[in-house]
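# Understanding the architecture of this molecule
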Amino acid sequence: MSSRNAQSGSAHPKAQAVADSAMTAERTAFDQLTRETLKEIRLHCYRIMGSLSDAEDMAQETFARAWRSRGDLADQAHMRPWLYRIATNACLDALRRHKRERRLWGDPVPKHIDDFVGLGVPDLDIAWLEPLPDSALSMIADEAPSPHTSYELAESVRLAFLACVQLLPARQRAIFLLFEVLGWSAADVASAFAITPQAANSGLQRARRAFDAAYRHEPKWAAASDVDRQVAARYAAALENRDLDAFVSLLRTDATLRMPPWRTWLSGSDVLGVFMRQAIDRWSEFRGQVLQSNGRRAVALYVRTAGDEPWRPHSLNVLEVSEGAISSIVAFVGPLAPSIFANAGLPMHPI
């Protein structure tokens, strides 16, 4: 073999090694990007999908699409908007395929004291809105929100906020969130959907009208405080002590209780007291653990029927506190409890 052929033969492995090294470096950089942005992309997907499990899937789909189309990103400074566009479109594709909307509300009107006879049967045909443990929010920076951002991080994961967002058609929902939560401009939103800025603004106005019509009926949002933590601790203690009077004393007179997957919901401290008396009579022991979910204080509740029987996860109770009293309880109960406890990193038995 001539020296020229020998050199030519050795050039290919070297070139391949250089290419392999470049690919490894590119993959390493992309994996670092994934670690840095996974939680915020998953949170964006959660707001659109209304489900933490769906959000996990969509976040993974986002990064898979991003890796495949990484050559399309011309400017690394625009990395995050690029990822959000990919995530938004991945979610909309999934919603078009499954045509499933998440709901927090069931019956249009609550049960009152004069017609309350029980909850009936759970409705497992509804795709219920899922809670978001605050562990999923940790390490998400909100250091320099856009001046056009309308909702704080905590409010934008509030259950009432998300329930109203889920009432919007999928495309309007995404436009609303990009404008109002992420603070995108009309030009940025238009680019994400391949529409004109005028069409983006028109979609936003329709979304705002529909959202405002629903959200204005919810109790006014207020940032959580230490009072909320104290109320949550007293809520857990009242149930552990089977103290109905203490439980009712924590409620506003117009307090509401929703219990996915049951369609029935309750309004008024009197009817909540009647319902809770039935619950206290049904279970022999309660244990409560205070945590945070959806930017609010929550109580993970465990129950058992006899001292020698195993504890079981009963419900995750997300509390809204107004002027020192509970205005709203959303208790994710029954068939939903095990998966919700697992998502929140909670044990299946009290510690």
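Residues numbered from 1 in each chain as written. Predicted model: local features only at pLDDT ≥ 70, side-chain atom pairs only at ≥ 80, totals over all residues. Heavy atoms only, no water.

### A look at the pattern of salt bridges
Under the counting rule described, the total for this entry stands at 18 salt bridges. Salt-bridge contacts for Glu61 lead to Arg68; the nearest nitrogen and oxygen are separated by 4.0 Å. For Arg277, the salt bridge identified is with Asp281, shortest N-O distance 3.5 Å. Placement of the pair is Arg277 and Asp281 together in helix α10 (residues 269-282), with a separation of 4 residues, close to one helical turn. By relative accessible area, Asp281 is classed as exposed at 53%. (Salt bridge = Lys/Arg side-chain N within 4 Å of Asp/Glu carboxyl O. Helix = DSSP H or I, 4+ residues; strand = E, 2+ residues; numbered from the N terminus. Buried < 20%, exposed > 50% of the residue type's maximum accessible area, 1.4 Å probe, protein only.)

### Regarding the sheet that holds strand β3 (residues 285-293)
Reading across from one edge, β2-β1-β6-β5-β4-β3 is the order of the 6 strands in this open sheet, with mixed pairing throughout. Edge positions in the open sheet fall to β2 (265-267) and β3, since each of these has one partner strand only. Shown here is a sheet whose adjacent strand axes are inclined to one another by a mean of 20°, direction ignored. Examined bridge by bridge, strand β1 (residues 251-258) and strand β6 (residues 325-333) share 4 bridges and lie parallel to one another. If you follow Arg258 over to β6, its bridge partner there is Val330. Along the sheet, helix α8 (residues 226-240) makes contact with β3, β4 (296-304), β5 (312-322) and β6, crossing β4 at roughly 10°. (Pairing = 2+ DSSP bridges. Axes fitted to C-alpha atoms, helices over the stretch in contact; angles between N-to-C directions. Contact = heavy atoms within 4.5 Å.)

### Digging into the environment of Val121
Structurally, the position occupied by Val121 is in the loop between α3 (79-98) and α4 (159-165). Considered as a pair, Val121 and Thr264 are 143 residues apart in the sequence and their alpha carbons are 9.2 Å apart.

### Structural notes on the nonpolar core
For soluble globular proteins, the rule of thumb is that nonpolar side chains tend to be buried together. In terms of nonpolar packing, the biggest core is built from 78 residues, with Phe161, Phe176 and Phe211 touching the most fellow members. In terms of residue count, α3 provides more of this core than any other element does, 11 residues in total. In contact with Phe161, other than residues within four places in its own chain, are Tyr151, Glu155, Ser156, Phe176, Leu177, Val181, Phe211 and Tyr215. Listed in part, the 32 residues of the second largest apolar core include Ala232, Ala236, Leu250 and Val333. (Core = buried A, V, L, I, M, F, W, Y, C linked by side-chain atoms within 4.5 Å.)

### As for unusual backbone geometry
At the junction of Pro260 and Pro261, the peptide bond is cis and its omega measures out at 15° in the coordinates. Tracing the sequence through the fold places Pro261 in the loop between β1 and β2. The backbone phi angle of Ala194 is positive, close to 55°, even though this residue is not glycine. Relative to the helices and strands, Ala194 is located in the loop between α6 (186-193) and α7 (197-215). Classification of Ala194 by relative accessible area gives exposed; the value is 72%. The phi dihedral of Glu323 falls on the positive side, at around 55°, and the residue is not glycine. Within the secondary structure layout, Glu323 lies in the loop between β5 and β6.

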